[in-house]
Number of protein chains: 2
Amino acid sequence: MKQRITLKHIAKTFNVSIATVSKALKDSHEISVATKLKIQEYAKLHNYRPNSIALSLLNKKSKTIGVIMPSILNPFFVKTFSGIEQVANEKGYNVIAIVSHGKLDKEISSIIVLENGLIDGLLISLSEEAEAKQHFSHLEEFIDNAGPIVMFDRVSDSVNTDKVIVDDFNCAYKATEHLIKTGCKHISVVSTLDNVGIIKLRIDGYLKALVDYNLPINRKIINLIKPGYDFETELKTMLDYQEVDAIIGLEEFSAVESMMIAQDRGYIVPDDISIISFTSSDFFKYTKPSITCINQHSVFMGKTAAEILISKIEQPLGTETVFETKTIKTTLIERKSTKPLVNNY
Amino acid sequence: MKQRITLKHIAKTFNVSIATVSKALKDSHEISVATKLKIQEYAKLHNYRPNSIALSLLNKKSKTIGVIMPSILNPFFVKTFSGIEQVANEKGYNVIAIVSHGKLDKEISSIIVLENGLIDGLLISLSEEAEAKQHFSHLEEFIDNAGPIVMFDRVSDSVNTDKVIVDDFNCAYKATEHLIKTGCKHISVVSTLDNVGIIKLRIDGYLKALVDYNLPINRKIINLIKPGYDFETELKTMLDYQEVDAIIGLEEFSAVESMMIAQDRGYIVPDDISIISFTSSDFFKYTKPSITCINQHSVFMGKTAAEILISKIEQPLGTETVFETKTIKTTLIERKSTKPLVNNY
DNA sequence: CTGAAAGCGCTTACAG
DNA sequence: CTGAAAGCGCTTACAG
């Protein structure tokens, strides 16, 4: 690694000032054609590239955005991230990715690092712990000091900023309704997450559907399995002691693992028990039976969030800031883990 | 967004110099306890944080690394990235993620952006196009001007730098051997990638195993499906016209999709046809039958690559640079898509 | 104990 | 047509 070439170097070799070199490279009309030519040629030959850190300091813009997600080993977040990366790159922004692993202190320390000029704006999906403790002052501090935030998926009403969400309530309602319409009466909800706003919304949507269709509510088959508890044990216990003819898995793992366990116990899917999964994975096509799921259009969600963020970053100073909450529509992808809809419903 | 507080602001409020404030905040012994105290208190109260861009410019270190991958919607790269992110964060580095989508010009333009002080070092898995065209000058330029590179998985011998790879040759040999030992004789290889070094290595390992076990080689069942060709059609044609009793999928998609297609045609897996996949996915547990695969320990690969890179970044100037190529060991995870090993082999 | 100066690499308004 | 100056936010060796 040799020394990177700078304006100073070029200035010295031609015995001109740094300012002249700077202008020459920008093809300024202030500079004579002769000097422009020789400087540009030399710069090209030596692969001169302006130092982006220096420009950041000057412009107070880093042309990079940050993304903080609870996990990256979760297909939903991977796809969202993919969407974010795409539009960021199109618009000339770099993206710094940070995984909070659901931990509040990781979230806070990351934001502190990013807060000092490193990024022009932040995309964040809240950590479980931030939601559980309702701790958001680090976000407000960021907004005050560093730039705009757009929250996606796991958001909080307490933070006044732009948001992109999935319509979790209706989405759960639709899934539940679909199960009811295919003849299910004892619909369980299974999740490995708790204390997260979206889970509450999904359960509310589920409950509403039950009420609307005059089905009884059985709290014992709303199975939020807390960390530390064994999924398999919890699920088997439920299947042993409760009547269940359908399971809505609130994330991929819960759905696919529930299906496996039920099948191992001899249940036929979907005849004995139907399965629907929140979050769509390409792999749901490949299970036996293939799994009916809700497509949350996560790539699109990522793109939308990034677009909003960048437009906020680039809006002229003094523009009145109006915050919007965009809801991404979901689709039910019908596969073989649910019974066909009865026509005469 | 208000104005971020700087040393200048603090200096002005206490009528001292910027230098004094800087030293006071570093708790320098040069400064009187009284001034240190009031300055520190004020800074804390107003949430002062040194501007990291300014520090980067000063130190010529940005404490961030770049990662360029061909794809992020591929579980192998996601896991590798996860490993990278983990150690980078432990060691206080930010990571900028860039997806090349297999395109050379995206790879080049990204490197140009990153080259100018933005990152201290780069992790890269080559794009298909860079490998196909054997174009690597952008990497050499980066190494010359910006900092160390560590290549992972898709590497090139032509670039003199550190590398972390999977032992693709032996890995394919092992997989093929396993199939032979379970009684397969007509082993096909299926991949949607071509022109990539690792694919060549895998095929070489496969061929070597066939030779060692005195099995005939049938080039017609080495099925490298080029972009634009329909996977299903290609695979069906092969199954129709060639004798095949095992398929090695060189990436997840090829394996799982091949299994589906074979099953749709009435093949029983593994009795009629065995399946092995390169790259391990959590989902392989959930297919019927579950899929035997090669675990490439991709998270570990990412961690290793990041560790090497950061050690290179942080090594004192003038340290003799010795490049190493680290090979990550792979494991065969036996599941139900292959027949059990016969004991008396 | 405090501060002026130089510098990291750049840009731009202003003089000459 | 060219350059000196000021500045982005910081640090550090050197004077006083």
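Just so it is clear, the structure is predicted and the values come from calculations on it, not from any experiment.

Cut-offs applied
Residues numbered from 1 in each chain as written. Chains lettered and ligands numbered in written order. Predicted model: local features only at pLDDT ≥ 70, side-chain atom pairs only at ≥ 80, totals over all residues. Heavy atoms only, no water. Buried < 20%, exposed > 50% of the residue type's maximum accessible area, 1.4 Å probe, protein only. Helix = DSSP H or I, 4+ residues; strand = E, 2+ residues; numbered from the N terminus. Contact = heavy atoms within 4.5 Å. Least-squares fit on C-alpha atoms with pLDDT ≥ 70 in both. Axes fitted to C-alpha atoms, helices over the stretch in contact; angles between N-to-C directions. Parallel < 35°, antiparallel > 145°, perpendicular 65-115°, else oblique. Domains from an automatic or database assignment. Buried area = accessible area lost by both parts, 1.4 Å probe. Salt bridge = Lys/Arg side-chain N within 4 Å of Asp/Glu carboxyl O. Polar contact = N/O pair within 3.5 Å; in protein donor to acceptor, adjacent residues only side chain to side chain. Nonpolar A, V, L, I, M, F, W, Y, C, P; charged D, E, K, R; others polar. Left-handed = near helix turned anticlockwise from the far one by under 90°. UniProt positions renumbered as here; feature names shortened; annotations may be inferred. Pairing = 2+ DSSP bridges. Near = heavy atom within 4 Å.

## Description of helix α8 (residues 137–145) of chain B
Three- or four-residue spacings in an α-helix give side chains the same orientation, since the helix completes a turn every 3.6 residues.
All names here are of chain B.
Okay, so step 1: Within α8 the residues assigned to the buried category are His138, Leu139, Glu141, Phe142, Ile143 and Asn145.
Okay, so step 2: Each element contacted by the buried residues of α8 is listed here: α6 (104–114), β3 (121–124) and β4 (149–152).
Okay, so step 3: Directly after α8, the chain includes glycine 147, whose backbone phi takes a positive value near 160 degrees.

## Regarding the relation of the copies chain A and chain B
Okay, so step 1: Take chain A, turn it by 180 degrees, move it 0.0 Å along the axis, and it overlays chain B with an RMSD of 0.0 Å. Accordingly, the operation relating the two chain copies is best matched by a two-fold axis.
Okay, so step 2: Both copies share a contact surface, since 100% of the interface residues of chain A are interface residues in chain B too.

## Overview of the packing of helix α2 (residues 18–25) of chain A against helix α3 (residues 33–45) of chain A
Helix packing for two helices is described by the angle between their axes and how far apart those axes are.
Residue and element names in this part refer to chain A.
Okay, so step 1: Packing of α2 against α3 leaves a shortest axis separation of 9 Å and a crossing angle of 80 degrees. On the basis of the axis angle, α2 is roughly perpendicular to α3. Residues Val21, Ala24 and Leu25 of α2 touch α3, and the partners they reach there are Lys36, Ile39, Gln40 and Ala43.

## Some words on the domain arrangement of chain A
Frequently, the measure chosen for interface size is the accessible area removed from exposure when the parts meet.
Residues and elements named next belong to chain A.
Okay, so step 1: Annotation of chain A at the domain level lists domain 1 (7–50), domain 2 (59–165 + 298–328) and domain 3 (168–297).
Okay, so step 2: Centre-to-centre separation of domain 2 and domain 3, based on C-alpha positions: 30 Å.
Okay, so step 3: Each partner contributes residues to the interface: domain 2 has 13 residues there, and domain 3 has 11 residues.
Okay, so step 4: Summing both sides of the interface, domain 2 and domain 3 together bury roughly 990 Å²; the carbon and sulfur share of this comes to 53%.
Okay, so step 5: For the interface between domain 2 and domain 3, the tally reads zero salt bridges.
Okay, so step 6: Across the contact surface, domain 2 and domain 3 share six residue pairs in polar contact (both at pLDDT 80 or more).
Okay, so step 7: Looking at the side of domain 2 that touches domain 3, the elements with two or more residues in it are α5 (75–90), α7 (128–133) and α13 (298–314).
Okay, so step 8: The element contributing the most residues to the side of domain 2 that touches domain 3 is α13, with four residues.
Okay, so step 9: Among the residues making up the side of domain 2 that touches domain 3, the classes are represented as seven nonpolar, one polar and five charged.

## Notes on the packing of helix α9 (residues 168–181) of chain B against helix α10 (residues 197–212) of chain B
Residue and element names in this part refer to chain B.
Okay, so step 1: The N-to-C vectors of α9 and α10 enclose an angle of 40 degrees; their axes lie 7 Å apart at closest approach. Judged by the angle between their axes, α9 and α10 are oblique. Two packed elements cross with a definite hand, and for α9 against α10 that hand is right-handed. Residues Asp168, Phe169, Ala172, Tyr173, Thr176, Glu177 and Ile180 of α9 touch α10, and the partners they reach there are Ile198, Leu201, Arg202, Asp204, Gly205, Tyr206, Lys208, Ala209, Leu210 and Asp212.
Okay, so step 2: Taken together, the residues that form the contact of α9 with α10 break down as nine nonpolar, two polar and six charged.

## Some points on the interface of chain A and chain B
Okay, so step 1: Contact with chain A, which involves 57 residues of that partner, is made by 57 residues of chain B.
Okay, so step 2: Roughly 5100 Å² of surface becomes buried between chain A and chain B when both sides are summed, with 59% attributable to carbon and sulfur atoms.
Okay, so step 3: The largest share of the area that chain A buries against chain B comes from Ile53, Phe283 and Tyr286 of chain A, three residues that together contribute 15% of it.
Okay, so step 4: If you look at where chain A meets chain B, you find eight salt bridges.
Okay, so step 5: Its salt-bridge partner being glutamate 141 of chain A, residue arginine 49 of chain B comes within 3.1 Å of it at the nearest N-O pair.
Okay, so step 6: If you tally residues by element for the side of chain A that touches chain B, the top one is α5 of chain A, at seven residues.
Okay, so step 7: Across the side of chain A that touches chain B, the residue classes break down as 26 nonpolar, 17 polar and 14 charged.

## Quick word on the pattern of salt bridges
A side chain with one charge can pair with a side chain of the opposite charge if their charged atoms come near.
Okay, so step 1: Inspection of every chain in the model, using the stated rule, returns 30 salt bridges over all chains.
Okay, so step 2: Between aspartate 162 of chain A and lysine 312 of chain A there is a salt bridge; the shortest N-O distance is 2.6 Å. On the criterion of sequence distance, the pair formed by aspartate 162 of chain A in strand β5 (residues 162–166) and lysine 312 of chain A in helix α13 is long-range, its members being 150 residues apart. Each member of the pair, aspartate 162 of chain A as well as lysine 312 of chain A, is classed as buried.
Okay, so step 3: Salt bridges here are not isolated pairs; linked through shared partners, they connect Arg4 and Arg49 of chain A together with Glu115 and Glu141 of chain B.

## Describing the UniProt feature "domain: HTH lacI-type" (unreviewed entry) in chain A
Okay, so step 1: According to UniProt, the positions carrying the feature "domain: HTH lacI-type" (unreviewed entry) are residues 5–59 of chain A.
Okay, so step 2: Across residues 5–59 of chain A one finds 67% helix and 0% strand; the C-alpha atoms that close the span lie 21 Å apart.

## Focus on the environment of proline 75 of chain A
Residues and elements named next belong to chain A.
Okay, so step 1: Along the polypeptide, proline 75 turns up in helix α5.
Okay, so step 2: Exposure remark for proline 75: the relative accessible area of 30% places this residue in the partly exposed category.
Okay, so step 3: Along the chain, proline 75 and leucine 250 lie 175 residues apart, while their C-alpha atoms are 13 Å from each other.

## A short note on the pairing of strand β6 (residues 187–191) of chain A
Residue and element names in this part refer to chain A.
Okay, so step 1: Most of β6 is tucked away: five of the five residues are buried.
Okay, so step 2: Judged by which residues are buried, β6 turns out to be covered on both faces: Ile187, Val189 and Ser191 on one side and Ser188 and Val190 on the other are all buried.
Okay, so step 3: Relative to strand β8 (residues 246–249), β6 runs parallel, the two sharing four bridges. Across the sheet, residue valine 190 finds its bridge partner in β8, namely glycine 249.
Okay, so step 4: Relative to strand β7 (residues 222–224), β6 runs parallel, the two sharing three bridges. Considered in β7, the bridge of valine 189 is made with isoleucine 222.

## Here's the deal with the sheet that holds β6 of chain A
Residue and element names in this part refer to chain A.
Okay, so step 1: What the six strands build is an open sheet, ordered β7-β6-β8-β9-β10-β12; its pairing is mixed. Each end of this open sheet is capped by a strand with a single partner; those strands are β7 and β12 (331–333). For this sheet, the mean angle separating the axes of adjacent strands, direction not counted, is 20 degrees.
Okay, so step 2: The strands touched by helix α9 (residues 168–181) are β6, β8, β9 (274–278), β10 (292–295) and β12; relative to β9, the strand with the most contacts, the crossing angle is about 165 degrees.

## Concerning the protein's contact with DNA strand D
Okay, so step 1: Around DNA strand D, the structure places 29 residues, and the nearest of them are Lys23, Glu30 and Lys60 of chain A together with Ser22 and Tyr48 of chain B.
Okay, so step 2: Taken together, the sugar and phosphate atoms account for 68% of what DNA strand D places within 4 Å of the protein.
Okay, so step 3: In the model, a base nitrogen of DNA strand D is placed 3.4 Å from a nitrogen or oxygen of the alanine 54 of chain B main chain.
Okay, so step 4: Secondary-structure elements contributing two or more residues to the surface near DNA strand D are α2 and α4 (52–59) of chain A together with α1 (7–14), α2 (18–25) and α4 (52–59) of chain B.
Okay, so step 5: Broken down by element, the residue count for the surface near DNA strand D peaks at four residues, all from α2 of chain B.

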